[in-house]
Amino acid sequence: MSLDAVLERLESTDADQIARLTDWLRIPSISTDPAYREQTAEAARWCAEQLRASGFEVELRGTGTAESPGHPIVLATTDGAADYTGPHVLFYGHYDVQPPDPVELWASPPFEPVVTKDDAGRERIVARGAVDDKGQVATFLEAMRAWFDETGTAAGGVKMTVLIEGEEESGSVNLDRFVRDNASELKQCEVCVISDTGMLGRGKPAITYGIRGLVYTEITLHGPDQDLHSGLWGGRVPNPINELAKVLGQLWDSDRRVTVPGFYDSVRPLTDGERAAWKTLGIDAGEALGTIGLGTEADVGEAGYTATEREWARPTCDINGIVGGYTGEGAKTVIPSFASAKVSFRLVADQDPEAIKTA
């Protein structure tokens, strides 16, 4: 069976594929919100049924503990054709989505998919999860359906394991345990394909060969054992917000390099070949900034690297949230008892997340 026949089937069933994807997008599988636990499980069951329809053996594997259950993992397998000699492929994706808040900024309800057109008349689906990650996973599901319909064999005869989790958007809190508990089964896989990436643009598919990892921390600085009036205590005691701001301001030097000791020690450097190849992609950093309301002067980051190099191959540090004292309407002259900041680090190849966390 030729690839052309499968591609022709995909082309001829486009409307059915869109209908299936929109059905999945209607399910509000918000993994981080306990109120959506059942809907998240429904999204897992939907995904499992698609894989069964494509010839896979499918299970919904529970995660977490009895006291703190997680969202199920969709695990599907096929032994491949008798004469298959290629690698055992592991496909990974996730079916959960981020919360859609603030909902009022959406042009249409986030879980009521609509097909719109851009200025060039090109169609796109607007819904939460359409591009992270149900849309990407759907391309795989539809490819598997087409191969099965054309060949009568799951995955067209490729030996494959499919793992679609439901907690990626809430930190994959149970994935490590699941992998350890099922290590003997998962170690049989020889190649891992991740479906949680993007394209360079319409008509510009990409093979993503590396993604950045994450260390997420929260820093809390404690001061007095109660909130104080600045008229009485201002200038007499440390203000936790002031002091925390000073500490956070020292996380980068004048070249916007992270100052955490040893932060760059294990960073795998870009090769000359990679830098040269990336230049040929024609990525316009200024144009990209324009899509988020910024000008070219906002192209800032670690000195000595282009925007693309910083995004794809350099580690970063970012303050994701800061809180302390009074944040309501009006004024309150308070010196707070504490201040907190959430600080995350995007890591690249060869960096040890535990080492960064404890540095």
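Quick notes on the rules
Residues numbered from 1 in each chain as written. Predicted model: local features only at pLDDT ≥ 70, side-chain atom pairs only at ≥ 80, totals over all residues. Heavy atoms only, no water. Helix = DSSP H or I, 4+ residues; strand = E, 2+ residues; numbered from the N terminus. Buried < 20%, exposed > 50% of the residue type's maximum accessible area, 1.4 Å probe, protein only. Contact = heavy atoms within 4.5 Å. Lys, Arg positive; Asp, Glu negative; His and termini not counted. Charge placed at Lys NZ, Arg CZ, Asp CG, Glu CD. Core = buried A, V, L, I, M, F, W, Y, C linked by side-chain atoms within 4.5 Å. Salt bridge = Lys/Arg side-chain N within 4 Å of Asp/Glu carboxyl O. Polar contact = N/O pair within 3.5 Å; in protein donor to acceptor, adjacent residues only side chain to side chain. Pairing = 2+ DSSP bridges. Axes fitted to C-alpha atoms, helices over the stretch in contact; angles between N-to-C directions. Phe/Tyr/Trp six-rings, centres within 6.5 Å; stacked < 30°, edge-to-face > 60°. Lys NZ or Arg CZ within 6 Å of the ring centre and 35° of its normal. Expected span 1.5 Å × (residues − 1).

**Some remarks on the overall build of the chain**
Link 1 in the chain: Check the secondary structure of the chain and you find 12 helices and 12 strands.
Link 2 in the chain: The C-alpha extent of the chain, read off along each of the three principal axes, is 80 × 50 × 50 Å.
Link 3 in the chain: For the chain, the proportion of its 359 residues judged to be buried stands at 35%.
Link 4 in the chain: Considering only contacts within the chain whose residues lie at least 6 apart along the sequence, 71% involve residues at least 24 apart.
Link 5 in the chain: Averaging the locations of the 33 positively and 57 negatively charged side chains of the chain gives two centres separated by 3 Å.

**What to know about the nonpolar core**
Link 1 in the chain: Counting 25 residues, the largest nonpolar core has Trp24, Leu51, Phe56, Val74 and Val162 as the members making the most contacts within it.
Link 2 in the chain: Contributing elements (two or more residues each) for this core: α3 (37-52), β2 (73-78), β3 (89-94), α4 (134-151) and β6 (160-165).
Link 3 in the chain: Ranked by the residues each element gives to this core, the list is headed by α3, at 6 residues.
Link 4 in the chain: Beyond its immediate stretch of four places on either side in the chain, valine 162 contacts Leu51, Phe56, Val74, Leu75, Ala76, Phe91 and Phe140.
Link 5 in the chain: Formed by 17 residues, the second largest nonpolar core is a distinct cluster that contains Leu244, Phe263, Cys317 and Val343.

**Structural notes on the pattern of salt bridges**
Link 1 in the chain: Tallied over the entire structure, the rule returns 17 salt bridges.
Link 2 in the chain: Put simply, aspartate 23 and arginine 26 hold a salt bridge, and the shortest N to O gap is 2.8 Å.
Link 3 in the chain: For aspartate 23, a relative accessible area of 39% corresponds to the partly exposed category.
Link 4 in the chain: A relative accessible area of 43% means that arginine 26 is categorised as partly exposed.
Link 5 in the chain: Arginine 52 is paired through a salt bridge with glutamate 49; the nearest N and O atoms lie 2.6 Å apart. Placement of the pair is arginine 52 and glutamate 49 together in helix α3, with a separation of 3 residues, close to one helical turn.
Link 6 in the chain: Each of the salt bridges in this network shares a partner with another, and the network as a whole consists of Arg9, Asp149 and Glu150.

**Looking at the side chain of asparagine 182**
Link 1 in the chain: Among the structural elements, asparagine 182 can be located in the loop between α5 (175-181) and α6 (183-186).
Link 2 in the chain: Judged by its relative accessible area of 15%, asparagine 182 falls in the buried class.
Link 3 in the chain: A polar side-chain atom of asparagine 182 sits 2.8 Å from a polar atom in the side chain of arginine 61.

**Digging into the environment of histidine 229**
Link 1 in the chain: In this structure, histidine 229 sits in strand β9 (residues 228-229).
Link 2 in the chain: Judged by relative accessible area, histidine 229 falls into the partly exposed class, the value being 45%.
Link 3 in the chain: Taking the C-alpha atoms as reference points, histidine 229 and leucine 3, 226 residues apart in sequence, are found 73 Å from one another.

**As for the sheet that holds strand β7 (residues 191-194)**
Link 1 in the chain: Reading across from one edge, β1-β2-β6-β3-β7 is the order of the 5 strands in this open sheet, with mixed pairing throughout. The sheet is open, and its two edges are formed by β1 (57-61) and β7, each paired on a single side. Strand-to-strand twist in this sheet, taken as the mean axis angle between neighbours without regard to direction, amounts to 20 degrees.
Link 2 in the chain: Bridging between β3 and β7 involves 4 bridges; their strand directions are parallel. What sits directly across from leucine 90, in β7, is cysteine 192.
Link 3 in the chain: Of the strands in this sheet, β1, β2 and β6 are in contact with α3, which crosses β1 at around 165 degrees.

**Comments concerning the packing of aromatic side chains**
Link 1 in the chain: The final tally for this structure, using the stated rule, is 5 aromatic pairs.
Link 2 in the chain: Between the aromatic rings of tryptophan 24 and tryptophan 46, the centroid separation amounts to 4.8 Å while the plane-to-plane angle is 15 degrees, which identifies the pairing as stacked. Taken as a pair, tryptophan 24 in helix α2 (residues 14-25) and tryptophan 46 in helix α3 lie far apart in primary sequence, 22 residues in all. There is no split in this pair, since tryptophan 24 and tryptophan 46 are both buried.
Link 3 in the chain: An aromatic cluster of three or more residues is present, and its members are Phe263, Tyr264 and Phe345.
Link 4 in the chain: When the ring centre of tryptophan 233 is taken as reference, the NZ or CZ atom of arginine 236 above it lies at 4.2 Å.
Link 5 in the chain: Lying over the aromatic face of tyrosine 264, arginine 257 brings its terminal NZ or CZ to 3.9 Å of the ring centre.

**Notes on α4**
Link 1 in the chain: Between the first and last C-alpha of α4 there are 25 Å, a value that for 18 residues agrees with the 26 Å anticipated at 1.5 Å per step.
Link 2 in the chain: Against the buried residues of α4 lie α1 (3-12), α2, α3, β3 and β6.
Link 3 in the chain: Glycine 152, located one to two residues past α4, shows a positive phi value of around 75 degrees.

**Points about unusual backbone geometry**
Link 1 in the chain: The omega torsion of the bond from aspartate 101 to proline 102 falls at -5 degrees, within 30 degrees of zero and hence cis.
Link 2 in the chain: In this structure, proline 102 sits in the loop between β3 and β4 (114-117).
Link 3 in the chain: Backbone geometry places serine 172, a non-glycine residue, at a positive phi of 50 degrees.
Link 4 in the chain: Along the chain, serine 172 turns up in the loop between β6 and α5.

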